[in-house]
Amino acid sequence: MQKFREKLADEQELIGALSNMVMEVYAMESCLLRTQKAAAARGEAATSVMQDAARVFIADAMERVEHDAKRAIAAVNEGDMLTSKWPLLKRFGKRATLDTMRCAGV
């Protein structure tokens, strides 16, 4: 907003990346809440496959969010400002690595 102001509507790629991130976060939250609700109702053991599927989905979605965040940051920054933003993304995107192959039963 600070960089483009009224011309933000012309920045379709940036808006697309931001929209993708919002949709992914919504989908991750929905997946997590449904899984938690099922586990509370049926028990941890009965929903283990669902929990693994949720973990895999969320891990993959975080990769997509990180990719779009990198695109968005690069679209609005350059030079030293761009270089200074990468550590922020790493800090906010910090997460444990999930073995999605093992988690998915492969």
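Structure: above.
Conventions used here
Residues numbered from 1 in each chain as written. Predicted model: local features only at pLDDT ≥ 70, side-chain atom pairs only at ≥ 80, totals over all residues. Heavy atoms only, no water. Helix = DSSP H or I, 4+ residues; strand = E, 2+ residues; numbered from the N terminus. Buried < 20%, exposed > 50% of the residue type's maximum accessible area, 1.4 Å probe, protein only. Contact = heavy atoms within 4.5 Å. Areas by Shrake-Rupley, 256 points an atom, 1.4 Å probe, with all protein chains shown as cover. Axes fitted to C-alpha atoms, helices over the stretch in contact; angles between N-to-C directions. Parallel < 35°, antiparallel > 145°, perpendicular 65-115°, else oblique. Left-handed = near helix turned anticlockwise from the far one by under 90°. Nonpolar A, V, L, I, M, F, W, Y, C, P; charged D, E, K, R; others polar. Salt bridge = Lys/Arg side-chain N within 4 Å of Asp/Glu carboxyl O.

Caption draft 1: Quick look at the overall build of the protein chain. Each helix and strand in the protein chain was counted, giving 4 helices and 0 strands. Ordering the α and β elements of the protein chain from the N terminus gives α-α-α-α. Per-residue burial for the protein chain yields a buried fraction of 25% across its 106 residues. Across the protein chain, the fraction of contacts at a sequence separation of at least 24, relative to all contacts at a separation of at least 6, is 61%. Counting every atom, the protein chain has about 8,000 Å² of accessible surface; 59% of that belongs to carbon and sulfur.

Caption draft 2: Here's a closer look at the packing of helix 1 (residues 12-42) against helix 2 (residues 48-76). Following both chains from N to C, one finds helix 1 and helix 2 inclined at 160°, their axes separated by 9 Å at the closest point. By the criterion of interaxial angle, the relationship of helix 1 to helix 2 is roughly antiparallel. Crossing angle aside, the handedness with which helix 1 passes helix 2 is left-handed. Within the contact of helix 1 with helix 2, the residues separate by chemical class into 21 nonpolar, 3 polar and 7 charged.

Caption draft 3: Inspection of the pattern of salt bridges at higher detail. Taken as a whole, this structure holds 5 salt bridges when the rule is applied. In this structure, the salt-bridge partner of Glu13 is Arg71, at a minimum N-O distance of 2.9 Å. With a gap of 58 residues between them, Glu13 in helix 1 and Arg71 in helix 2 connect regions that are remote in the sequence. By relative accessible area, which is 60% here, Glu13 ends up exposed. Under the relative-accessibility criterion, Arg71 is labelled partly exposed at 33%. Asp68 serves as the salt-bridge partner of Arg71, at 2.8 Å between the closest nitrogen and oxygen. Within this pair, Arg71 and its partner Asp68 are both found in helix 2, separated by 3 residues, close to a single helical turn.

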